[in-house]
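Chain residues, written in single-letter form:
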Amino acid sequence: MTNIIIAIDGYSSTGKGTFAVEIARRLGLLYLDSGALYRTVTLYALQHGQIEWNGEILERRLQEDMLLGRIEISVLPKDDGSMRIFLGGEEVSAKIRELDVARNVSAIATIPFVRNFVDEQLHRLGAKGCVMDGRDIGTAVFPNADLKIFMTADAEIRAWRRVRQMEEAGQHPRFEEILKNVQERDYIDSHRAMNPLRKADDAIVLDNSHMTVAEQMVWLDGILRERFNLSVL
Ligand code: DC
């Protein structure tokens, strides 16, 4: 058992979640998916009529609910290393993956008071040690993390990975559309005014364009052995 903080940031569809969950499971650390918290705030806003049909967010009402402590988020680890997430005591792990949340979460995640709120929650949940993935963990949430990894991969390869995932789920996406979406998300994530996606100066880059998860584990193992005398193999 260890209590280090590992921050994993990077572009969308680079496999941050898969990698982070596997590390957490192997090291017996808590896995925290920061994107899931932004999604849970988005779900709350949708459930409380704070997002209009045209996507406009009723920020004052959302902020008031935050200040009054009405948005209660908690998490529980699963045996496979992943996490369950709860809103006001109700499990919302599946609901936060639905399309209406996906459509609105980028806009919610640009609001400064939302980012502050999520940062506070992440600190509360992860301060005793965790593997946390997101966009600004090593730069803003835990700038003193024990280890920072910045994940990247070719946009086309990421788009193909998403196409395959969607096909496995019975969908028939067009590669060009998925690639465009990947590129748009990269742009939004790295051009946001507050805490945009960028590599922390002391982060180690992992380009997994041509690597399997097993190969990424071998790569990580070398670093963990050298720095912390820990192993994930
Ligand atoms: O990783 P994801 O798709 O679940 O993230 C959902 C949204 O939250 C996405 O728009 C990026 C944003 N996000 C963020 O701004 N900062 C983080 N640390 C994590 C996610």
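Keep in mind it's a predicted model, so treat the numbers as computed, not measured.

A.B. asks: A description of the pairing of strand β3 (residues 73-77) should follow, citing residues and the corresponding values.
C.D. replies: Alignment of β3 against strand β4 (residues 83-87), held across 5 bridges, turns out to be antiparallel. By the bridge assignment, Ile73 is partnered in β4 with Leu87. Here β3 hands over to β4 after 5 residues, with Gly81 in that stretch at a positive phi of 95°.

A.B. asks: Could you give me a rundown of the site of the ligand, with the residues and numbers involved?
C.D. replies: Close to the ligand lie 15 residues; Ser34, Arg39, Arg115, Asp136 and Arg192 are nearest. Between Arg115 and the ligand, the recorded distance is 2.9 Å, taken from a side-chain N or O atom to an oxygen atom. Backbone polar atom of Arg135 to a nitrogen atom of the ligand: 3.1 Å apart, as the coordinates give it. With the chains in place, 90% of the 450 Å² that the ligand exposes on its own is no longer accessible. Of all elements in the fold, only α2 (34-47) and α4 (99-108) reach the threshold of two or more residues within the shell around the ligand. Split by residue class, the shell around the ligand holds 4 nonpolar, 4 polar and 7 charged.

A.B. asks: Tell me about the packing of α2 against α4, and please be specific about residues and values.
C.D. replies: Packed helix pairs are characterised by how far apart their axes lie and by the angle those axes make with each other. In contact at an axis separation of 9 Å, α2 and α4 are set at 110° when each is read in the N-to-C sense. Taken together, the axis directions place α2 and α4 in an arrangement best described as roughly perpendicular. Each of Tyr38, Arg39, Val41, Thr42, Leu43, Ala45 and Leu46 in α2 lies in contact with α4, whose residues at this interface are Asp100, Val101, Ala102, Asn104, Val105 and Ile108.

A.B. asks: Could you give an account of the sheet that holds strand β6 (residues 130-134), with specific residues and numbers?
C.D. replies: Taken together, 5 strands build an open sheet; the order of strands is β2-β6-β1-β7-β8 and the sheet is parallel. With partners counted over all chains shown, the strands left at the sheet margins are β2 (31-33) and β8 (204-207), one partner each. Neighbouring strand axes in the sheet, compared pairwise and without regard to direction, differ in orientation by 20° on average. One ladder, built from 4 bridges, connects strand β7 (residues 147-152) with β8; its direction is parallel. Each bridged residue has a counterpart across the sheet, and for Met151 the counterpart in β8 is Leu206. Where helix α5 (residues 112-126) meets the sheet, its contacts fall on β1 (5-10), β2 and β6, and the angle it forms with β2 comes to roughly 170°. In this fold helix α9 (residues 213-228) packs onto β1, β7 and β8, with an angle of close to 160° to the strand it touches most, β7.

Cut-offs applied
- Residues numbered from 1 in each chain as written.
- Predicted model: local features only at pLDDT ≥ 70, side-chain atom pairs only at ≥ 80, totals over all residues.
- Heavy atoms only, no water.
- Pairing = 2+ DSSP bridges.
- Helix = DSSP H or I, 4+ residues; strand = E, 2+ residues; numbered from the N terminus.
- Near = heavy atom within 4 Å.
- Polar contact = N/O pair within 3.5 Å; in protein donor to acceptor, adjacent residues only side chain to side chain.
- Areas by Shrake-Rupley, 256 points an atom, 1.4 Å probe, with all protein chains shown as cover.
- Nonpolar A, V, L, I, M, F, W, Y, C, P; charged D, E, K, R; others polar.
- Axes fitted to C-alpha atoms, helices over the stretch in contact; angles between N-to-C directions.
- Parallel < 35°, antiparallel > 145°, perpendicular 65-115°, else oblique.
- Contact = heavy atoms within 4.5 Å.

That's the geometry; what it means functionally is another story.
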